[in-house]
Amino acid sequence: MDMIKSIKGVKDILPEETPRWRLIEDAARRWSLCFGYQEIRIPIFELTALFARSIGAATDIVEKEMYTFPDRDGTSLTLRPEGTAGTVRAFIEHNRAANPLPQKYFYIGPMFRHERPQAGRLRQFHQFGVESFGTSDPRADVEVITLLWRLLSDLALPDLTLEMNSLGSSGDRAAYTPILLSFLSQREPQLCANCRRRMNTNPLRVLDCKVPECRAATEEAPQLTSHLSPEARLHFDHVLAGLTAVGVPYRLNPRLVRGLDYYCLTSFEITSTHLGAQNAVGAGGRYDGLVETLGGPSVPAVGFAVGLERVSLMLPETSSSFGNEYLYYVAAFGENGTRLGLVLLDELRRMGLSSLCDYRATTLKAHLRQADRSRCHYAILLGDDEAARGSIILRNLESKAQEELPLAGLSSLLKSRRPSL
Ligand code: ATP
Ligand code: MG
């Protein structure tokens, strides 16, 4: 029979890889909680209208990357392509703004985009993201950026660069767009087809195009940061000064526009030269208008999302070289040994001491072979002879040193020696 395979761009994360994923996710949770962010778990699918309205119709995601399908009654649903829209929807739906602000959330989970799969670009991928609601103070921008920087530095990811830009207010962008358009129309023949189309739908995105010809053609484009209102300029200056104060290094990148429509003011991205073409590890910015756009009160917000596949690709081997490890292998054999071994295994586990046994092995030799393969630190030998003496033999699987210990109270004794693994 034909074997059914997984979908293109959708990957299994196998047991050998889950320790490194847990390491990343645990660090993300730890740093989030340390900065005062609380976990939110939002649905994996939502009404299509939510993403269309928040992300913006003229974006890559909404134009061509969403997994959209009709529900049985015809309602259009979409697998979430990112986490901000759902978090904002939940914030509004549960009237969270009635509680004291600011409120700070984080999420971790799978996202779905129909893209051309390659290293670091999948159709089901995972993001860790944070959203800080309720303060327009530039220190909130500094806080989310610092959180991301501390996390990635803690994970020892190599060659990170933080790129910073300001998208100004919507008024600033409205004033700047015609200036940009008049520049772009002079260069139109040099632009890729996609950018010629974007000139009409989302001209700022032309600055973000990765096609070398487009980059060259827009090298001298007027910069949005030279057209900021005094308020936007001040906000940006405060963010940059804050980053310097806390020692987070950055580089200005006036071309950094980001794909999503809901950003304003601060826009940032962290890249690494270790990732090849997919060089963005994480990105974010301020989105003061989004809560209102989705039907909520006027609540300023700032956040980011980081791609965990890309973090995993960059994670140094040493931090994740450990596999799944266990403390005890219970080598129970013979009639009485086997009977007592079943109970001992359960006692050890109830104490929180990780323990294994291969039930297929019936001889000491077979058990020891499995124990050596098992990534256990010790074997507990329990045959009929030991059962008759009321004892076991504890064998250190690395040094091979052995000692005899009483079976009665064994799990408490071992717990006092090595509380856990
Ligand atoms: P890119 O320019 O790489 O397409 P993006 O601007 O679409 O990224 P965001 O929507 O800002 O990305 O998502 C934040 C992060 O999520 C990215 O920096 C990246 O690390 C990760 N990411 C985005 N799309 C994918 C994908 N298809 N596969 C794996 N990771 C992804
Ligand atoms: Mg993308």
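For the structure itself, consult the block above.
Now for a description of the structure that goes with this document. Bear in mind the structure is a predicted one, so any value in this text is a computation, not a measurement.

Moving on to the site of ligand 1. Not every one of the 15 residues close to ligand 1 is listed here, only the nearest: Arg113, Glu115, Leu122, Arg258 and Val281. Arg113 places a side-chain nitrogen or oxygen 2.8 Å from an oxygen atom of ligand 1. At 3.0 Å, a side-chain N or O of Gln127 approaches an oxygen atom of ligand 1. Protein contacts shield 89% of the accessible area of ligand 1, which totals 590 Å² for the unbound molecule. Contributions of two or more residues to the shell around ligand 1 are made by strand S6 (124–133), strand S10 (280–286) and strand S11 (301–307). A per-element tally of the shell around ligand 1 places S10 first, with 4 residues.

Before going further, it helps to spend a moment on helix H1 (residues 18–34). When the terminal C-alpha atoms of H1 are compared, their 24 Å separation across 17 residues agrees well with the 24 Å that a helix rising 1.5 Å per residue should span. All of the buried residues along H1 are Pro19, Arg20, Trp21, Ile24, Ala27, Ala28 and Ser32. Tucked into the core, H1 has its buried residues touching strand S5 (103–112), S6, helix H5 (138–154) and helix H11 (308–314).

Ordered by their spatial adjacency, 8 strands build an open sheet running S1-S5-S6-S11-S10-S9-S7-S8, and the pairing between neighbours is mixed. The outermost strands of the open sheet, each flanked by one partner alone, are strand S1 (38–39) and strand S8 (251–252).

Turning to the environment of Arg29, a few remarks are in order. Position of Arg29 relative to the elements: it lies in helix H1. Arg29 sits in the partly exposed class, given a relative accessible area of 25%. In the structure, Arg29 is positioned 301 residues away from Val330 in sequence and 35 Å away in space, judged by C-alpha atoms. In this view, Arg29 contacts Glu39, Arg41, Phe106 and Ile108; residues no more than four positions away in its chain are not counted.

Rules and cut-offs
- Residues numbered from 1 in each chain as written.
- Chains lettered and ligands numbered in written order.
- Predicted model: local features only at pLDDT ≥ 70, side-chain atom pairs only at ≥ 80, totals over all residues.
- Heavy atoms only, no water.
- Near = heavy atom within 4 Å.
- Polar contact = N/O pair within 3.5 Å; in protein donor to acceptor, adjacent residues only side chain to side chain.
- Areas by Shrake-Rupley, 256 points an atom, 1.4 Å probe, with all protein chains shown as cover.
- Helix = DSSP H or I, 4+ residues; strand = E, 2+ residues; numbered from the N terminus.
- Expected span 1.5 Å × (residues − 1).
- Buried < 20%, exposed > 50% of the residue type's maximum accessible area, 1.4 Å probe, protein only.
- Contact = heavy atoms within 4.5 Å.
- Pairing = 2+ DSSP bridges.

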